[in-house]
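Listed below are the residues making up each chain.
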Amino acid sequence: MKLTLPWLKEHLDTKADVESVAKKLTDLGLEVEGITDPGAALAGFQVAEIVEVARHPQADRLSALKVRTADGVLSVVCGAQNVRQGLRSILARPGHVVPATGVTLTKAEIRGVPSEGMMCSWRELGLGEDHEGIIDLAGEPEVGTPAVAALGIEGPVIELKVTPERADCFGVNGIARDLAAAGVGRLKSRDFSPVAPGTDAVTRTRLAFAPGNEGACPLFVTRTIKGVRNGPSPDWLQRRLTAIGLRPISALVDITNYLTFDLSRPLHVFDRNKLQGDLVLREAQGGETLAGLDGRTHTLSAGMTVICDDSGVVSLAGVVGGESTSCDEGTTDVVLEVALFDPLRTAETGRRLGIDSDARARFERGIDPELVLPGTEFATRLILELCGGRAGPVEIAGKVPETRGRLTFHTAQIERLAGITVEREEMEAGLEALGFGVDGGPDLYEITIPSWRHDVSTEACIVEEVARLHGYDHIPPVSVPRMAAVSAQVLTPEQRRRSDVRRLAAARGLMEAVTWSFMPEGLAVRFGAAQPIRLQNPIHADLSALRPSILPNLLAAVRRNVDRGFRGGGLFEVGPRFIAAEPGRQAWNCAGLRFGELRQRNWLEPVRNVDVFDIKADVLALLTAAGAKIDTAQISTDAPDWFHPGRSGRVRLGPQVLASFGEIHPAVLAELGIELPVMAFEFDLDSLPKPRARAGRGKGALQASPFPAVERDFAFLVEEGVTVDAILKAIRQAEKQLVREVSVFDVYRGQGVEPGKKSVAVAVRLQAHDRTLTEQAIETASQRIVASVTKATGASLRG
Amino acid sequence: MTLDVGSLRDQALAAIDAAADLRALDEVRVSYLGKKGAVTGLLKQLGGMDPDSRKEAGRRINELKDRLEAALGERKAGLQAAALEARLQAERIDVTLPAREEQVGRIHPVSQVTDEIIAIFADMGFAVAEGPDVEDDFHNFEALNLPKEHPARQMHDTFYLEAEQNGAPLLLRTHTSPVQIRTMLAGKPPFRIIAPGRTYRVDSDMTHTPMFHQVEGLLIDRRTHMGHLKGCLIDFVRSYFESDRIPVRFRPSYFPFTEPSAEMDIGCKRSQGELVVGEGSDWLEILGCGMVHPKVLRAVNLDPDEWQGFAFGMGIDRVAMLKYGIPDLRTFFEADLRWLKHYGFMPLDVPTLAGGLSR
């Protein structure tokens, strides 16, 4: 919403300047987004009269002028050709900055003749392209008149962000009312007195809605005006509309636009001679069309509110008028339409047809039903004033709906909700100035809501009105009372472990990413969504489905980073993945990957690509950080099919899957255009065993054996298909009491090992709790270990 | 019999001195003090002496032995020191060579700032609540006093799923406010929660992305009023921006789910394309807030005459951008390794009030 300060002052008797008005508007909740003042650059520029013209003695093309100003006669050198005695123009003096050039004027001597100022052209003042000569002011404005006044510059333009519920502030009058209530001035009213008919010309109108649909247009007022001349509107009106960004068209059109912004009272004017028969308001039938004033032809849906004549639809109620019955320079007779249209239907129609008109913006927010008739009078008066003609009687179809709500207001609510006490006089005066009826008091009021305030319905609304007039600045801040002397833990164990996992992943060298919750539908299917969760209205085809896995988004990021020149790196994300189209069917997931070279080329060791065991270390560390008991976990080889089938696995606790990890399937990488190997993992944090609540915080006694440990190495020859895990398990089971640690230090194939077999070299650390192991005991344990491994895997000891 | 102890000593000492390394030294030791050594040989001669001579000779031989042992020890220490010195010289390496590379990841600014916000509100007694990203109409709109016709509900703002639930539309939450509703429906007042999370709007330009992050705040009890709302948020902003002097302003505004409603601005300065928060004469909006609307309280079965309080909603990405000078929202979600390294946080920088929110 834009308005100008002079325009505002037609509704508000005030001496306040634009800054203090702007400050107050923002304090009232009418946020000022910007102030522009085309006249500000002309401060000090004033009207001066040429009293003498002489040729410059040294230059043919220059004149030496004597110029009369408010402070006496000055000498001015001027290059314009239109100088003459008696011409009044705008003079800039030394110290002034010429708007078009940014040059600061100084007292100068031009080829020996002193010049104490500059007579300006329109272009030099930044007010147009005219540079034919200096401004030639008509109407002999008094010498010394400020340029802004003499040139009719509209004044500062204020742009407001009006919140959608304040329908009344889409008109200058509503804004003025708020300011008056806040003490910035006195509210003035337009002349709404009835205009006596000068003719009995009428245009018959009829509301023809299906039963139950009368709410589409409860009130439709028309007035027929004959004998108008529709030329350009006067300067003041053109200036005003231009200032707020509207293009002046003709007097009649400009008047409708003017009232739209002046009173938030959109109107329409039909050329009566283009209408065929009566005006009928009804629901549109599907498929009807209207060539609109917006230059587009609209195909209407059934139920939209339309105004028709015998030719069909001539206007789309509250949204846009029709081209076929619009006014032009030849218009002589008009029908003025001032109506009340249903906000919801107006909004729906505008939205479906994609029409964002100033009329729609106001009707859909709700206009003042009690302003229909006064608005008709004011519009009639303006038309007669600017276009001449004789107005017919006011014709009313429907009636003014009763909209003045009432509510009971307890004064105590102000202190209860706003934390302030406001004097009774201040409260009553403020509400009354806003148009509220205030009866009763002091503790209990009967409040009548003004017809233009559709947003007020509860006591809390009244509190807001009182508080914003009083000023939010005057509400004293109070810190919230503490719940306890020492603040308690607030994170749940699940929230805490998400944070732990994040920070550990970063500590292990992975960069935390935050990627979209969306992804291309095809990828969602490839990554496990049997039924992808599709969006109705995705912003892009690549963001059309909710992600069933975070990995595809991280892989897309790998691709982008490779394109940026990275040869290796790691990423992870902790966030939601989506399981089904239902609130709550989502899981907190942690996914991570490493791609390409594990480290940069360096002098210490050869470069190698990341491998499955790098990522396995990551996932086990993160699971441990998340509280999973990894010691007892198993690894199975049934990871989802976006992993390489032979280079991936799952971490399990019995039947429960904790995580998947491995190399990303080469076919998936190829599809995504990634040419480096990628190792990845993913796990749902929620499905890990819940962190268990413990009674105490004690860690239990340390059980460290004081007796020496011994280490024995074994090399087992096994079939290629035997998993190392099976060997390790057999070792642990063989001597549960003595085996402390088992580590694999070599897996060998090749010379000395027959094809199809491998040699797995294992170091086993043995230690007893209660004694030093004798050679005999160690030997027995070793034999048991070998026997157990042999039995479980068919292994033989390598000689 | 005379013992030529003197010349043996001189001879031995000369040999010890001449030993070039530990092995040669040990040979010298053996040749004098070993089982067949010269000194040992002298001792063997004692048996044939008379008691007096034997006593005298024994004393001298033992003196000699002590002397030689001392010399041997001294020489050994010298040789050892020299050997160590030689080894150290031989083992010299160029320690200016680069260290073994270690990779340290980073925490994303959204996570870090969320942790900062949690740390501050936790101290004020707010728990962290969560809700689903996929929402229904009731929780995202209806219970929040957003009537069916509210512009925010139209297609141009809200992502809708193709799937429906019992014939009702499903959508991606447009704000974190539905967590208010779920929290109040699930529990009993009083409530003090914040709810950080992902939110979605059909929007994409320099300052808007289809997904962004919000944190919701809700405090419901029997006495909390707008003064508390202001106090709480001023306390928050000063703590978060780590400045006690940061100018703040509350302006009346409009949200369907609060009444009265306000927007909070903080003071800032814009110069040469840079935004400096906390000083200057410009204002920057950072959040919307207000007293929870009586209709919202009724929607969650609370009596608005008994229960009252405030709610607020703030953009996490936005306050992250402001605090850490990150210029473009879109870059948050691109997972550019260079960006993450530059704007991300070290894993051990866990924000706490005791240790400071940021470094």
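Residues numbered from 1 in each chain as written. Chains lettered and ligands numbered in written order. Predicted model: local features only at pLDDT ≥ 70, side-chain atom pairs only at ≥ 80, totals over all residues. Heavy atoms only, no water.

Student: Let's hear about the overall build of chain A: which residues, and what values?
Tutor: Summing up its helical and strand segments, chain A has 19 helices and 40 strands in all. For chain A, whose C-alpha radius of gyration is 42 Å, the value lies well above the compact-globule estimate of 28 Å for 799 residues. If you line up chain A on its principal axes, its C-alpha atoms span 130 × 85 × 60 Å. For chain A, restricting intrachain contacts to residue pairs at least 6 apart in sequence, the fraction spanning at least 24 positions comes to 69%. Surface summary for chain A: the accessible area is close to 36,100 Å², and the carbon and sulfur share equals 50%. (Helix = DSSP H or I, 4+ residues; strand = E, 2+ residues; numbered from the N terminus. Rg over C-alpha atoms; globule rule 2.2 N^0.38 Å. Contact = heavy atoms within 4.5 Å. Areas by Shrake-Rupley, 256 points an atom, 1.4 Å probe, with all protein chains shown as cover.)

Student: Hey, could you go over the pattern of salt bridges for me, with residue numbers and the actual values?
Tutor: All names here are of chain A. What the rule picks out here adds up to 79 salt bridges over all chains. With a shortest N-O distance of 2.7 Å, Lys23 and Asp27 are connected by a salt bridge. Residue Lys23 and its partner Asp27 are both found in helix H2 (residues 18-28); the two are separated by four residues, about one turn of the helix. We classify Asp27 as buried; its relative accessible area is 18%. Several salt bridges share partner residues, and in doing so they unite Arg166, Asp168, Asp178, Arg453, Asp455, Glu465 and Arg468 into one network. (Salt bridge = Lys/Arg side-chain N within 4 Å of Asp/Glu carboxyl O. Buried < 20%, exposed > 50% of the residue type's maximum accessible area, 1.4 Å probe, protein only.)

Student: Before we move on, could you go through the interface of chain B and chain A and cite the residues and values that matter?
Tutor: The interface of chain B with chain A comprises 99 residues on the first partner and 91 residues on the second. Looking only at chain B, the three residues that lose the most surface to chain A are B:Gln103, B:Pro252 and B:Leu337, adding up to 9% of its buried area. Salt-bridge contacts for B:Asp336 lead to A:Arg564; the nearest nitrogen and oxygen are separated by 3.2 Å. Across the chain B-chain A interface, the total number found is 43 residue pairs in polar contact (both at pLDDT 80 or more). Its residues assigned to classes, the side of chain B that touches chain A shows 48 nonpolar, 21 polar and 30 charged. (Buried area = accessible area lost by both parts, 1.4 Å probe. Polar contact = N/O pair within 3.5 Å; in protein donor to acceptor, adjacent residues only side chain to side chain. Nonpolar A, V, L, I, M, F, W, Y, C, P; charged D, E, K, R; others polar.)

Student: Hey, could you go over the sheet that holds strand S25 (residues 406-410) of chain A for me, with residue numbers and the actual values?
Tutor: Residue and element names in this part refer to chain A. Read across the open sheet, the three strands follow the order S25-S27-S26; overall the sheet is antiparallel. A strand with exactly one partner marks an edge of an open sheet, and here the two such strands are S25 and strand S26 (437-440). The mean inter-strand angle of the sheet, taken between neighbouring strand axes irrespective of direction, is 30 degrees. With four bridges connecting them, S26 and strand S27 (residues 444-448) associate as antiparallel partners. Across the sheet, residue Asp439 finds its bridge partner in S27, namely Glu446. Contacts from helix H11 (residues 424-433) reach S25, S26 and S27 within the one sheet, and its direction differs from that of S26 by about 140 degrees. Contacting S25 and S27, helix H12 (residues 459-470) runs over the sheet at an angle of about 70 degrees to S25. (Pairing = 2+ DSSP bridges. Axes fitted to C-alpha atoms, helices over the stretch in contact; angles between N-to-C directions.)

Student: Got a sec to walk through the pairing of strand S3 (residues 160-165) of chain B? Specific residues and values, please.
Tutor: Residue and element names in this part refer to chain B. By the bridge criterion, three bridges tie S3 to strand S4 (residues 168-172) in an arrangement that is antiparallel. Along S4, the bridge assignment pairs Tyr160 with Leu171. Turn length for the S3-S4 hairpin, with the two strands adjacent in sequence and antiparallel, is two residues, and the turn residue Asn166 shows positive phi of about 50 degrees.

Student: With reference to specific residues and values, describe the sheet that holds strand S16 (residues 279-283) of chain A.
Tutor: All names here are of chain A. A sheet is described by the order of its strands in space; here five strands give the open sequence S13-S16-S19-S20-S21, paired in mixed fashion. In this open sheet, the two strands that pair with only one neighbour each are strand S13 (205-207) and strand S21 (320-321). As judged from the four bridges shared by S16 and strand S19 (residues 305-309), these two strands associate in the antiparallel manner. Considered in S19, the bridge of Val280 is made with Cys308.

Student: So, the environment of B:Pro98: which residues are in play, and what are the values?
Tutor: Tracing the sequence through the fold places B:Pro98 in the loop between helix H4 (51-90) and helix H5 (109-123). Beyond its immediate stretch of four places on either side in the chain, B:Pro98 contacts A:Trp603 and A:Leu604.

Student: Kindly report on empty space enclosed by the protein, identifying the contributing residues and their values.
Tutor: On inspection of all chains with the given rule, the structure shows two cavities of 30 Å³ or more. Lining the largest cavity are 13 residues, with A:Leu28, A:Glu165, A:Arg166, A:Glu464 and A:Arg468 positioned closest to its centre. Elements with a contribution of two residues or more to the lining of the largest cavity: H12 of chain A together with strand S7 (248-255) of chain B. No other element matches H12(A), which puts three residues into the lining of the largest cavity. Of the residues assigned to the lining of the largest cavity, the class counts are three nonpolar, three polar and seven charged. (1 Å grid on protein atoms, 1.4 Å probe; cavity = no way out; pocket = protein on both sides within 12 Å on 5 of 7 lines; lining within 4 Å. Points joined across faces, edges and corners; volume = space filled by probe spheres on them.)

Student: Residue-level account of the nonpolar core, with values.
Tutor: In this structure, A:Leu8, A:Leu160, A:Leu555, A:Leu571 and B:Ile117 are the most contacted members of the largest nonpolar core, which totals 193 residues. With eight residues, helix H8 (residues 226-240) of chain B is the largest single contributor of residues to this core. Sequence-distant contacts of A:Leu8, that is, excluding residues within four places in its chain, are made with A:Leu3, A:Val21, A:Val172, A:Ile175, A:Ala176 and A:Leu179. Counting 28 residues, the second-largest nonpolar core is a separate cluster that includes A:Phe572, A:Leu623, A:Ala659 and B:Ile107. (Core = buried A, V, L, I, M, F, W, Y, C linked by side-chain atoms within 4.5 Å.)

Student: Explain the side chain of A:Thr26 to me, using residue names and the numbers behind them.
Tutor: For A:Thr26, the location among the structural elements is in helix H2. Ignoring anything within four residues of it in the chain, the contact list for A:Thr26 reads A:Glu31, A:Val32, B:Arg249, B:Arg251 and B:Pro252.

Student: Pulling in residues and values, what's your account of the environment of A:Glu719?
Tutor: Looking at the element boundaries, A:Glu719 is found in strand S37 (residues 710-719). In sequence terms A:Glu719 and A:Ser796 are 77 residues apart; their C-alpha atoms lie 9.9 Å from each other.

Student: Hey, could you go over the confidence of the model for chain B for me, with residue numbers and the actual values?
Tutor: On average, residues of chain B carry a pLDDT of 91, and 97% of them reach 70 or more. Across the interfaces of the predicted complex, the ipTM metric reaches 0.89, alongside a pTM of 0.88. (pLDDT = per-residue confidence, 0-100.)

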